[in-house]
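Tertiary structure, described
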Amino acid sequence: MWLTIHRGAEEIGGTCIELQSTDSRILIDFGLPLVDENRDPFDFRKIKNKSRENLIKAGILPAIKGLYKGEQPAVDAILLSHPHQDHYGLLSFVNPEIPVYLSHGCKELIEVSYFFGQTGYDLKNVKTVEKWKPFKVGDFTITPYLVDHSGFDALAFLIESEGKKIFYSGDFRGHGRKSVLFDNILKNPPKNIDYLILEGSMLGRDKGRYHTETDIENELTSILRKESDLFFVACSSQNIDRLVSIYRACVRSNHIFVLDPYTALILHKLKKISRHIPQFDWGKNIRLFFVPNGYTRKMAEDKSLFLFKSAKITYQEMQSIRNQLVIKDSHSTRQYFANKNGLSNTTLVYSMWDGYLSSVKPFWDKHNVPVLKIHSSGHAYIEELQKFVEAINPKYIIPNHTFFPEKYPEYFAGKIKMVKDKETVEI
Ligand SMILES: [Zn+2]
């Protein structure tokens, strides 16, 4: 069997791994880069209106024959680990004759992103897979493992072919709301793994002050109980674990979580997957502000907005109960409040990756709103990675999804097999 890491051996983002056996060929993930060749943030405008040939030449799209639209397909399937753009963001270029295998939750979130124009990938040919239920693609047998990650319904894959066993960790952690999945892998790991392709996002990164989703929930609860400000909270509308933590803090501190219609729609779409995901009609701790913006208009046009009518709260109504509110931050919501001079006695809880803070900090500073950082990583800490490696005990570890592959020998006992981007190795 042959392995090629098209991208991700030496960086976080743009993940794409190829496995080829005698008769079959699959790709795992097909992501958008997060950084450019200088390790500066990737400029997404770079791919707008560019031809495929130019993007391949620029090294943004991998040079894979038989993958793209208009070519005779020479790839049997693409496996998606989870709905983060650095794992699926280039799929709009792929020939829709090639099936894409993903989890139910992954499909729902990618569909929402397509509906709102965040991506051009329209899910023409997808096959949803069941966790822990093996399926076949050519001579590959693939078993999806549900894992704990900030991306919803994320999967790792056990891939077997020609007597070899490969475990692709995908992105995962052991300190989220589904940490039991991590514990289960430690207790009952996949056996006799030849190659563990292991993410290492946290290598070279600080763990931060709050380590688990429960820490986030507890800290937010105690702040909300103490303070009488109006709270905004900045987090991704697709980070379901975090929305659950915030909702639970609101329940415990007797606050109301005010969502925008876009976020409420995402939660509604995932209702059939988990009954633990907060819904707009759950009662007194959750309401919706129909903030006038492009997303809300789009939902009004296709009538989905009206489903949420019963939970609506107006700006006027919010004024008399400001000290009971936790408002999901968005560009248009904060701007709406600012335009009405409604940001006095307000605190922002910033609950996402530090790297995005610089773009919003000037706004909050201008309105004299203090920023409290309460966040924990979507990725496994080094000690979690070590436990994972110890449990699986693979013959070889292949570094992936990391800026520091050279640090793997420092942290992990066992043989590290370094594979460079674009290098093809026999395994
Ligand atoms: Zn991810």
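What comes next is a walk through the structure.

Reading the values: rules and limits
- Residues numbered from 1 in each chain as written.
- Predicted model: local features only at pLDDT ≥ 70, side-chain atom pairs only at ≥ 80, totals over all residues.
- Heavy atoms only, no water.
- Donors = N, O, S within 2.8 Å, 3.2 Å for Na, K, Ca; no water.
- Tetrahedral: all angles 85-135°; square planar, octahedral: opposite > 155°, others 65-115°.
- Helix = DSSP H or I, 4+ residues; strand = E, 2+ residues; numbered from the N terminus.
- Buried < 20%, exposed > 50% of the residue type's maximum accessible area, 1.4 Å probe, protein only.
- Axes fitted to C-alpha atoms, helices over the stretch in contact; angles between N-to-C directions.
- Left-handed = near helix turned anticlockwise from the far one by under 90°.
- Contact = heavy atoms within 4.5 Å.
- Nonpolar A, V, L, I, M, F, W, Y, C, P; charged D, E, K, R; others polar.
- Phe/Tyr/Trp six-rings, centres within 6.5 Å; stacked < 30°, edge-to-face > 60°.
- Lys NZ or Arg CZ within 6 Å of the ring centre and 35° of its normal.
- Salt bridge = Lys/Arg side-chain N within 4 Å of Asp/Glu carboxyl O.
- Pairing = 2+ DSSP bridges.

Moving on, we get to the coordination of the zinc ion. The zinc ion binds to the protein through His82 (NE2), His84 (ND1), His149 (NE2) and Asp171 (OD); the donor distances cover 2.2 to 2.5 Å. For the zinc ion, the four donor atoms are set out with angles of 89 to 164° between them, so the coordination reads as irregular. Sequence spacing among the residues donating to the zinc ion works out to H-x1-H-x64-H-x21-D. Placement of the pair is His84 in the loop between β4 (77-79) and α2 (85-88) and Asp171 in the loop between β10 (164-168) and α4 (179-187), with a sequence separation of 87 residues. For His84, a relative accessible area of 24% translates into the label partly exposed. Among the residues examined, Asp171 registers a relative accessible area of 2% and is labelled buried.

Another point: the packing of helix α5 (residues 213-226) against helix α6 (residues 240-253). Where α5 contacts α6, the axes come no closer than 8 Å and their chain directions differ by 35°. Crossing of α5 against α6: the hand is right-handed. Only Asp241, Arg242, Ser245, Ile246, Arg248, Ala249, Cys250, Arg252 and Ser253 of α6 make contact with α5, whose side of the interface consists of Glu213, Ile216, Glu217, Asn218, Leu220, Thr221, Leu224 and Arg225. In terms of residue class, the contact of α5 with α6 is made up of six nonpolar, four polar and seven charged.

Going through the model one piece at a time under the given rule, you end up with 25 aromatic pairs. When the ring of Phe115 is compared with that of Phe116, the centres are 4.9 Å apart and the planes differ by 85°; the resulting orientation is edge-to-face. Ring geometry for Phe280 and Phe308: centres 4.8 Å apart, planes at 75°, overall edge-to-face. Of this pair, Phe280 sits in the loop between α7 (261-269) and β14 (286-288) while Phe308 sits in the loop between α8 (294-301) and α9 (315-319); the two residues are 28 residues apart in sequence, bridging distant segments of the chain. Note on accessibility: Phe280 and Phe308 belong to one class, buried. Grouped by ring-pair contacts, the aromatic residues Phe232, Phe289, Tyr315, Tyr336, Phe337, Phe363 and Trp364 constitute a single cluster. We note Lys207 situated over the ring of Tyr381; from NZ or CZ to the ring centre the distance is 5.0 Å. A cation sits over an aromatic face here: Lys407 above Phe404, 5.3 Å from the ring centre.

Our next topic: the pattern of salt bridges. All told, the structure shown has 19 salt bridges when counted by the stated rule. Note that Asp43 and Arg45 form a salt bridge whose closest N and O atoms lie 3.1 Å from each other. Look at Arg45 and you get exposed, because its relative accessible area is 65%. For Asp365, the salt bridge goes to Lys361, with nearest N and O atoms at 2.9 Å. You can see Asp365 and its partner Lys361 sitting in helix α11 (residues 357-366), four residues apart, about one turn around the helix. Three or more residues joined by partner-sharing salt bridges are found here, namely Asp148, Arg173, Lys178, Glu213, Asp241 and Arg242.

On to the sheet that holds strand β2 (residues 16-20). Judged by pairing direction, the sheet is mixed, and its seven strands sit side by side in the order β6-β5-β4-β3-β2-β1-β20 without closing on themselves. Only two strands of the sheet have a single neighbouring strand rather than two, namely β6 (126-128) and β20 (424-426). The sheet shows a mean angle of 25° between the axes of neighbouring strands, direction not considered. Pairing of strand β1 (residues 2-7) with β20, which is carried by three bridges, proceeds in the antiparallel orientation. By the bridge assignment for β20, Trp2 is matched with Glu426. Sitting on the sheet, helix α3 (residues 104-115) is in contact with β5 (100-102) and β6, with an inclination near 115° to β5.

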